[in-house]
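Observations on the three-dimensional arrangement
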Amino acid sequence: MILAAADWYSFFFILFGGIACVFAVAVLLTSNIVRMAFYLTVSLGATAGIFFLAGAEFVGAMQLMIYVGGTLVLLIFGVMLTAQAQFITMRTRSGEWVLSVIVGSSLLFLLLVAAFGVDSWRTRGQSDSLTVADAQTATAIGAALSGVRVDRLSVPASETQRLRGMSGYLLPFVVVSVHLLVVLVGAAYLARTRAMWREPGEQRRSRGESPAS
Amino acid sequence: MAVFFAHTLGIPGPLAYLLAALIQSGLILGLVAIGALFFIWLERKVSGRIQDRLGPTRVGGRFGWLQTLADGIKLIGKEDLTPKDADGLLFRVAPYVSFAASYTAYLALPFSNGWVALDLNIAVFFIVAVLGLEVFGVILAGYASGSKWSLFGAMREAAQVVSYEVPLGICIVVPVLICGTMNLTTIGNMQAGWFTNWLIFHDPFTFVVFWVYFTCALASVNRAPFDLAEAESELVAGFLTEYSGLRWSYFFMAEYGSMLLVSGLAAILFFGGWNGPVPIFHWLGWAYEPGETAWHLTGFLANLAGCVNFIAKAVLGVTVMMWVRWTLPRLRIDQVMTMCLKYCVPLGTVGFLGALTWQAAGWWSPNDLAPLAPGGSAVVRETWVPVTPSDLTDPVPATAAGEGSAREPQAEAAAVDTHRQATVWSRSTGGEQL
């Protein structure tokens, strides 16, 4: 569907983008970790809003589900479980500031280079022919994850050429899954060893020997 | 609706969109607010009757139907307290977070065929994602209150909701996979016709899956017997301890809103949504045919009846939740976790596998008893790959569609999708060729 007035699109884009940026800065400026998590939620939620605005509903819902729903709930849960005074209010030292500025600015540089590497970012004046995609993204993404590039199905060439274009995202998908599995196994291993670990004296006592022996 | 305003009434574009957005969000807000008023009254009546009492009788006549409104006025008049130890900002914001999550999820919930504020292609996923945010408000409230009761309540809530999202997700995926779409409108339309077409009667496994879904939904909206976060016999009032006045009532609007939401989702996923047990409007020829978009009065009436039907089913679901609340005692936290991990997850998984095997093997199901005449499920089935009409004559997609139909005759014909007539869809099976 073509929105007749691009103003509305721009308005909401600036609104969501502004919210995301303001609260991202607020994450940096506050020292209370729970407030940080809250600001981060608002920032990530506004990012999801931008995805919805662009017609990428699946990505937007995924953003809400994984980042806002999953990660942050776990983060806050973890904070509440391990709530100690020095973790609730974080004080950053100057060395950490220098490090984080280096990491952050290099990441920003990388992103800017990548973004302006896209052709449509360098050309101006396209906003009058703005189209909002009709949301057929979920099916395409799902099919691409299992190895079918829907957007290349219409390549009218021979069968072999068509298949070569359709590598899909199966390999990255599997790599990420294996990575997650490794992380899970590692987490289970760490949790287990901590549960098995005992003080040496305690161990002896549990065997029924006296500590003095 | 925006298109209707812009083209039929001649309102300029942005204004039409604004008007449509205002009307739709206003309708949903009204539904959530009035729903909460009604359900709180109903809860009192149901609990009263179950405990052999009368419930409210005085305010507003014989059935005490104005009781909630009187309480609302009382709550507005209460002082808005913030405890000394509270984190002021988060304490004030938390009720709105909960309410906004519950309310936003309604955007994607269709109330009748095509009566939906935002016809998302991934409505199911959206609703699950947004409902998961409701717990965030509860956790914030518990942390920010600066009270040990609130903190305990919030920790229980977090543990419980994070655990129950797993079986809930597994149960929701079953109808999605049977229908082949995450679009709730399409899922509802696929169950049109006799009540035998409802997905709960698809096979024994979906029947089991529905009850697992209902249990997990009870737990995820924090209702008794899973209301550990506000267990008043142990934790004063859990995360609500420090709240008063209107902020407190926001939490309750969120709770009753999500109760209606999960019931409505159950009605669409398992109970045919807006389709009645008997296809009266299809006999009369009033209902919209799949792909029909022109407005006509009979179709509007059919949709209105469907909306009434849907809300009746959802309210019935909420009533069952109340019945459960006033019948069963509260579980302990370890029992809640056992329930989730030892019963709901395995049952859900077995049901998931069984239902999919049933569907894939094409065994007999009551859904085949009386398939709806105009095309049945093949018409509304969302298909994988969009194919333009010119591609249908192209040999490659044609053979692909041919293979697909040989494998699964249910979805053979290229059919017009319900709402996007411009695109002709065909179930192509590129995946199997690789």
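Not measured: the values here are computed from a predicted model.

Moving on, we come to the overall build of chain B. What chain B contains, in helices and strands, is 17 helices and three strands. By residue count, 49% of the 434 residues in chain B fall in the buried class.

What follows concerns the overall build of chain A. Scanning chain A from terminus to terminus reveals 10 helices and zero strands. Per-residue burial over chain A gives 16% buried out of 213 residues. Long-range contacts, defined here as pairs at least 24 residues apart, represent 54% of the contacts in chain A between residues at least 6 apart.

Right, let's talk about helix α13 (residues 333-361) of chain B for a bit. All names here are of chain B. Between its first and last C-alpha, α13 extends 40 Å over 29 residues, near the 42 Å set by a 1.5 Å rise per residue. If you look at α13, its biggest bend is around 30 degrees, right at C344, and the proline P346 turns up within four residues after that. Within α13, burial applies to V336, M339, C340, C344, G348, G351, F352, A355 and Q359. Check the buried side of α13 and you find it contacts α7 (148-179) and α9 (204-220). Phi for G362, located one or two positions after α13, is positive at around 70 degrees.

So, on to unusual backbone geometry. Here B:D52, not a glycine, exhibits a phi torsion of approximately 60 degrees, which is positive. For B:D52, the position within the fold is in the loop between α2 (13-50) and α3 (67-77).

Moving on, we come to the packing of α9(B) against helix α10 (residues 245-270) of chain B. Angle between the axes and distance between the axes: these two values describe a pair of packed helices. All names here are of chain B. Two elements in contact, α9 and α10, have axes whose closest approach is 11 Å; the angle formed by their N-to-C orientations is 165 degrees. In terms of orientation, α9 lies roughly antiparallel with respect to α10. α9 and α10 meet at a crossing whose hand is right-handed. Note on element contacts: α10 touches α9 through V262, A266 and F270, opposite F210, Y213, F214 and A217. A class-by-class count of the residues in the contact of α9 with α10 yields seven nonpolar, no polar and no charged.

Moving on: the environment of A:A37. Within the fold, A:A37 resides in helix α2 (residues 33-53). Counting along the chain gives 10 residues from A:A37 to A:V27, while the straight-line C-alpha distance between them is 7.6 Å.

This next bit is on the environment of B:M259. All names here are of chain B. Summarising the element assignment, M259 is placed in helix α10. Placed 41 residues apart in sequence, M259 and L218 show a C-alpha to C-alpha distance of 7.9 Å. Not counting residues up to four positions away in its chain, the partners in contact with M259 are F39, V221, R223, V318 and M321.

Another point: the nonpolar core. Counting 119 residues, the largest nonpolar core has B:F126, B:I127, B:L140, B:A154 and B:Y213 as its most contacted members. If we skip the residues at most four places from it in the chain, B:I127 touches B:A105, B:A108, B:L109 and B:L265.

Residues and elements named next belong to chain B. Looking at chain B, pLDDT values average 75 and 79% of them are 70 or higher. Residue range residues 373-434 is modelled with pLDDT below 50. Its contacts to residues more than four positions away, or to other chains, number 103 contacts. Under the prediction, the complex receives an ipTM of 0.70, its pTM being 0.74.

Moving on, we come to the confidence of the model for chain A. Do not read the predicted coordinates in detail wherever pLDDT is low. All names here are of chain A. On average, residues of chain A score 72 in pLDDT, and 56% of them are at 70 or above. Model confidence for chain A, summarised as mean pLDDT per element, is weakest for helix α10 (residues 200-206) at 50 and strongest for helix α5 (residues 94-116) at 88. Taken together, the stretch residues 203-213 has pLDDT below 50 and engages in five contacts with residues farther than four places along the chain or on a different chain.

It is worth spelling out the environment of B:T241 at this point. All names here are of chain B. Counting through the fold element by element, T241 comes out in the loop between α9 and α10. We classify T241 as buried; it has 22 C-beta atoms within 10 Å. Once residues lying within four places of it in the same chain are set aside, the contact partners of T241 are S145, S147, W149, S150 and V236.

Right, let's get into the packing of helix α4 (residues 88-105) of chain B against α10(B). Residue and element names in this part refer to chain B. One can describe the packing of α4 onto α10 by two numbers: an axis separation of 8 Å at closest approach and a directional angle of 25 degrees. Relative to α10, the element α4 lies roughly parallel. Remark: the crossing between α4 and α10 carries left-handed chirality. Taking contact as the criterion, the partners of P95, Y96, S98, F99, S102, Y103 and A105 in α4 are, on α10, R247, Y250, F251, M253, A254, G257, S258 and L261. For the contact of α4 with α10, a count of residues per class yields 10 nonpolar, four polar and one charged.

What counts, and at which threshold
- Residues numbered from 1 in each chain as written.
- Chains lettered and ligands numbered in written order.
- Predicted model: local features only at pLDDT ≥ 70, side-chain atom pairs only at ≥ 80, totals over all residues.
- Helix = DSSP H or I, 4+ residues; strand = E, 2+ residues; numbered from the N terminus.
- Buried ≥ 20, exposed ≤ 12 C-beta atoms within 10 Å, placed from the backbone.
- Contact = placed C-beta atoms within 7 Å.
- Expected span 1.5 Å × (residues − 1).
- Bend = angle between axes of the 7 residues up to and from the residue.
- Axes fitted to C-alpha atoms, helices over the stretch in contact; angles between N-to-C directions.
- Parallel < 35°, antiparallel > 145°, perpendicular 65-115°, else oblique.
- Left-handed = near helix turned anticlockwise from the far one by under 90°.
- Nonpolar A, V, L, I, M, F, W, Y, C, P; charged D, E, K, R; others polar.
- Core = buried A, V, L, I, M, F, W, Y, C linked by C-beta atoms within 7 Å.
- pLDDT = per-residue confidence, 0-100.

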